[in-house]
Amino acid sequence: MYRSAIYDEPLLIELESKIKDIPEKVLPLSLQRKEKANIPDLDETQIVRHFLRLSQMNYGIESGIYPLGSCTMKYNPKICEEIAKWDCFAMTHPCQDESTIQGNLQILYELEQMLCEITGMHSFTLQPAAGAQGEFTGLLLAKTYHDFNKDFNRNEIILPDTSHGTNPASATMAGYKIIEIPSTKEGTVDLEILEKTLSEKTACFMLTNPNTLGIFEFDILKISKMVHAKGALLYYDGANINAIMGKARPGDMGFDIVHLNLHKTFSTPHGGGGPGAGPIGVKKKFERFLPIPRIVKKNDKYHFNYDHESIGKVKAYYGNFSVLLKAYIYILLMGNNGLKETSEVAVLNSNYMKKKIVDSKKYKLPYKDLRKHEFVISCEHLRQERGIRALDVAKRLLDYGLHPPTIYFPLIVKEALMIEPTESESKKNLDKYVETLIKIAEEDKETVKNAPNNTSVKRVDEADAVKNPILTWKSLQRYK
Ligand SMILES: *Cc1c(COP(=O)(O)O)cnc(C)c1O
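### Considering the overall build of the protein
Then, number 1: A tally of helices and strands in the protein yields 17 helices and 12 strands.
Then, number 2: Summarising its shape, the C-alpha atoms of the protein cover approximately 80 × 70 × 45 Å along the three principal directions.
Then, number 3: Here the protein, with 480 residues, has 48% of them falling under the buried criterion.
Then, number 4: Across the protein, the fraction of contacts at a sequence separation of at least 24, relative to all contacts at a separation of at least 6, is 68%.

Here it is, written out as structure tokens:
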């Protein structure tokens, strides 16, 4: 044990003997290890330095810009984390009687209303734990709705070729056949092709607006009319609502069902698969099918209502409470004007960066010029002329201490770099990022192809990582 002159020796001895007692009290002797554990014998200083060093090898939003297009990796106010840690929230148990968690229920109830206001929808469920689970839930709602109307032949979902990968995945899981339609030269929905593809078999048209190229679908009202005229529904992938808050609402655009990614737009640090919340908002006619329980307010008290026809439950208890709580605090903190300004600055930052990059002529901008909160550039010409790929540029950014953007998505852009600066970066940071991208495009091929040079992990074998993932410590043995 670590000893220092400032410790009181008798106290330390007492502490040591207490610690020695603990194992026998908590673990039966039969289950205890007979030999000393085969772990390094290190003192506290070494351990602290080891873990600090490990944490420094990581890169997070608090280390610098993290412009992962489509993922909205923005700064999340610390106050949200702080409040979520308060005992009154963190120590509530999901099985507590509802009379003892009225405050929590009130927060959930009010959050549902706030999300209705932001999106122009009639009601929300907060249950789904991710965008993808929201999509799945939304599509089950669509299916239940069509079945309810005895409209049993609608087994197709139409998607544009810019759609996020989770869209076709969720639709397939919900039992649908996927029909992908190509975008126009402008990078938007091709109305003619959509018209031809829609039929009495279409259950839903799933759309992201602005789409994943960062382009707003200006024909959205026409699209909505066309889809509804065929008796189909319009689904909104609202993972990217960071672009339009306080400016436009999917409900007003004619969408029937929407999901939001609270962990992206509404302040929860996320990555590596969680934690998340993908609430679903619907127009009035779908409300009856929303997952149970619904939170209702009666005589100034909040209750869980299990008593309505519904698609059932999609998540244990009532969703990821701490993520929902942080979204609630974030929305209160920002207020109407704050949310609007968030989107304005996110869009401004994105267009500022895009213009600087396009002006440099080092990267190409496919499709329309004006973008929302994100934009996609291509380095296909770098590949053709010099063999430098999007992956190489991304790896080289690491050498400059910058997190790369999303690459190779959306699929319709060759050698794509998808950049979403968000509202929380300074002009200085945006300038530095653009200058670095320009510099990389001018560097010699070998330097860029061999990057990263000064990170602790060099290039990994991407194919091997996918084909032979190391999922437990046992598979590590392979590399011994
Ligand atoms: C992130 C994202 C999703 C999926 O959300 P998850 O929470 O990762 O499941 C869906 N659509 C778009 C456009 C996204 O950016």
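So much for the structure itself; the text now carries on.
### So, the sheet that holds strand 10 (residues 375–378)
Then, number 1: In space, the three strands of this open sheet follow the order 10-12-11, with antiparallel pairing throughout. Taken across any chain shown, the strands that pair with only one partner, and hence form the sheet edges, are strand 10 and strand 11 (406–407).
Then, number 2: Pairing of strand 10 with strand 12 (residues 416–419) involves four bridges; the strand directions are antiparallel. If you follow Ile377 over to strand 12, its bridge partner there is Leu417.
Then, number 3: Along the sheet face, helix 12 (residues 321–360) touches strand 10 and strand 12 and points at about 15° away from the line of strand 10.

### Notes on the site of the ligand
Then, number 1: Around the ligand sit 13 residues, and of these Ser70, Ala132, Asp237, His263 and Lys264 come closest.
Then, number 2: Taking Ser70, its main chain carries an N or O atom lying 2.6 Å from an oxygen atom of the ligand.
Then, number 3: Side-chain polar atom of Asp237 to a nitrogen atom of the ligand: 2.5 Å apart, as the coordinates give it.
Then, number 4: Contact with the protein chains covers 86% of the free accessible surface of the ligand, which is 380 Å².
Then, number 5: Listed by contribution, the elements that provide at least two residues to the shell around the ligand are helix 6 (131–148) and helix 11 (262–265).
Then, number 6: With three residues, helix 6 is the single largest residue contributor to the shell around the ligand.
Then, number 7: Here the residues of the shell around the ligand sort into three nonpolar, seven polar and three charged.

### Considerations on the packing of aromatic side chains
Then, number 1: The final tally for this structure, using the stated rule, is 10 aromatic pairs.
Then, number 2: A ring pair is formed by Phe148 and Phe289, whose centres lie 5.4 Å apart and whose planes are at 65°; its orientation type is edge-to-face. On the criterion of sequence distance, the pair formed by Phe148 in helix 6 and Phe289 in the loop between strand 7 (280–282) and strand 8 (294–298) is long-range, its members being 141 residues apart.
Then, number 3: Measuring from ring centre to ring centre gives 5.9 Å for Phe304 and Tyr318, while their planes differ by 40°; the resulting arrangement is tilted.

### Side note on the pairing of strand 2 (residues 156–160)
Then, number 1: A large share of strand 2 lies buried, amounting to five of its five residues.
Then, number 2: Both strand 2 and strand 3 (residues 177–181) contribute to a ladder of five bridges, which runs parallel. Note that in strand 3 the partner of Glu156 across the bridge is Lys177.
Then, number 3: A crossover connection joins strand 2 to the parallel strand 3 through helix 7 (residues 166–173); in handedness this β-α-β unit is right-handed.
Then, number 4: Two strands pair when backbone bridges link them, and strand 2 and strand 4 (residues 202–208) are joined in this way by three bridges, in the parallel orientation. Following the sheet pairing, Glu156 is matched in strand 4 by Thr202.

### Points about the domain arrangement of the protein
Then, number 1: Under the domain assignment, the protein is made up of domain 1 (5–57), domain 2 (78–334) and domain 3 (343–466).
Then, number 2: Summarising the inter-unit geometry, the C-alpha centres of domain 1 and domain 3 are found 46 Å apart.

### Considerations on a nonpolar patch on the surface
Then, number 1: Taken together, the side chains of Leu42, Ile47, Phe51, Leu54 and Met57 present a nonpolar region at the surface, about 440 Å² in accessible area.
Then, number 2: You can see Ile47 is positioned in helix 2 (residues 44–57).

### Observations regarding the pattern of salt bridges
Then, number 1: Evaluated as defined, the whole model comprises 26 salt bridges.
Then, number 2: Glu62 serves as the salt-bridge partner of Lys78, at 2.5 Å between the closest nitrogen and oxygen. Here the residue Lys78 occupies a position in helix 3 (residues 78–84), and Glu62 occupies one in the loop between helix 2 and helix 3, the gap between them amounting to 16 residues.
Then, number 3: Overall, Glu62 belongs to the exposed group, its relative accessible area being 56%.
Then, number 4: A salt bridge links Asp399 to Arg396, with the nearest nitrogen and oxygen atoms 2.7 Å apart. Residue Asp399 and its partner Arg396 are both found in helix 14 (residues 390–399); the two are separated by three residues, about one turn of the helix.

### Some thoughts on the confidence of the model for the protein
Then, number 1: Confidence along the protein averages 92 in pLDDT terms, with 95% of residues attaining 70 or more.
Then, number 2: For residues 1–5, every residue scores under 50 in pLDDT, and the model assigns this stretch nine contacts once sequence neighbours within four places are set aside.

### Quick word on the sheet that holds strand 2
Then, number 1: With mixed pairing, seven strands are arranged side by side in an open sheet as 1-7-6-5-4-2-3. Looking at strand neighbours, the two that pair on one side only are strand 1 (123–125) and strand 3, the edges of this open sheet. In this sheet, adjacent strand axes meet at a mean angle of 25° when their direction is disregarded.
Then, number 2: Where strand 4 and strand 5 (residues 233–238) come together, five bridges link them in parallel fashion.

### Notes on the packing of helix 12 against helix 15 (residues 427–442)
Then, number 1: Following both chains from N to C, one finds helix 12 and helix 15 inclined at 30°, their axes separated by 10 Å at the closest point. Put simply, helix 12 runs roughly parallel to helix 15. Note on packing geometry: the crossing formed by helix 12 with helix 15 is right-handed. Counted together, Asn349, Tyr352, Met353, Lys356, Ile357 and Ser360 of helix 12 and Lys427, Leu430, Asp431, Tyr433, Val434, Glu435, Leu437 and Ile438 of helix 15 form the full contact between these two elements.
Then, number 2: Residue classes in the contact of helix 12 with helix 15 are distributed as eight nonpolar, two polar and four charged.

### Some remarks on unusual backbone geometry
Then, number 1: In this structure, the amide linkage connecting Phe409 to the following residue, Pro410, adopts the cis form with an omega of -5°.
Then, number 2: On the secondary structure map, Pro410 appears in the loop between strand 11 and strand 12.
Then, number 3: Residue Pro452 is bonded to the preceding Ala451 through a cis peptide linkage, with omega at 5°.
Then, number 4: Relative to the helices and strands, Pro452 resides in the loop between helix 16 (445–450) and helix 17 (462–467).
Then, number 5: Its identity as a non-glycine residue notwithstanding, Tyr367 has a phi of 70°, on the positive side.

Cut-offs applied
Residues numbered from 1 in each chain as written. Predicted model: local features only at pLDDT ≥ 70, side-chain atom pairs only at ≥ 80, totals over all residues. Heavy atoms only, no water. Helix = DSSP H or I, 4+ residues; strand = E, 2+ residues; numbered from the N terminus. Buried < 20%, exposed > 50% of the residue type's maximum accessible area, 1.4 Å probe, protein only. Contact = heavy atoms within 4.5 Å. Pairing = 2+ DSSP bridges. Axes fitted to C-alpha atoms, helices over the stretch in contact; angles between N-to-C directions. Near = heavy atom within 4 Å. Polar contact = N/O pair within 3.5 Å; in protein donor to acceptor, adjacent residues only side chain to side chain. Areas by Shrake-Rupley, 256 points an atom, 1.4 Å probe, with all protein chains shown as cover. Nonpolar A, V, L, I, M, F, W, Y, C, P; charged D, E, K, R; others polar. Phe/Tyr/Trp six-rings, centres within 6.5 Å; stacked < 30°, edge-to-face > 60°. Right-handed = clockwise from strand over helix to strand, strands pointing away. Domains from an automatic or database assignment. Patch = residues over 30% accessible without salt bridge, like charges linked within 9 Å, V, L, I, M, F, W, Y side chains within 5 Å. Salt bridge = Lys/Arg side-chain N within 4 Å of Asp/Glu carboxyl O. pLDDT = per-residue confidence, 0-100. Parallel < 35°, antiparallel > 145°, perpendicular 65-115°, else oblique. Left-handed = near helix turned anticlockwise from the far one by under 90°.

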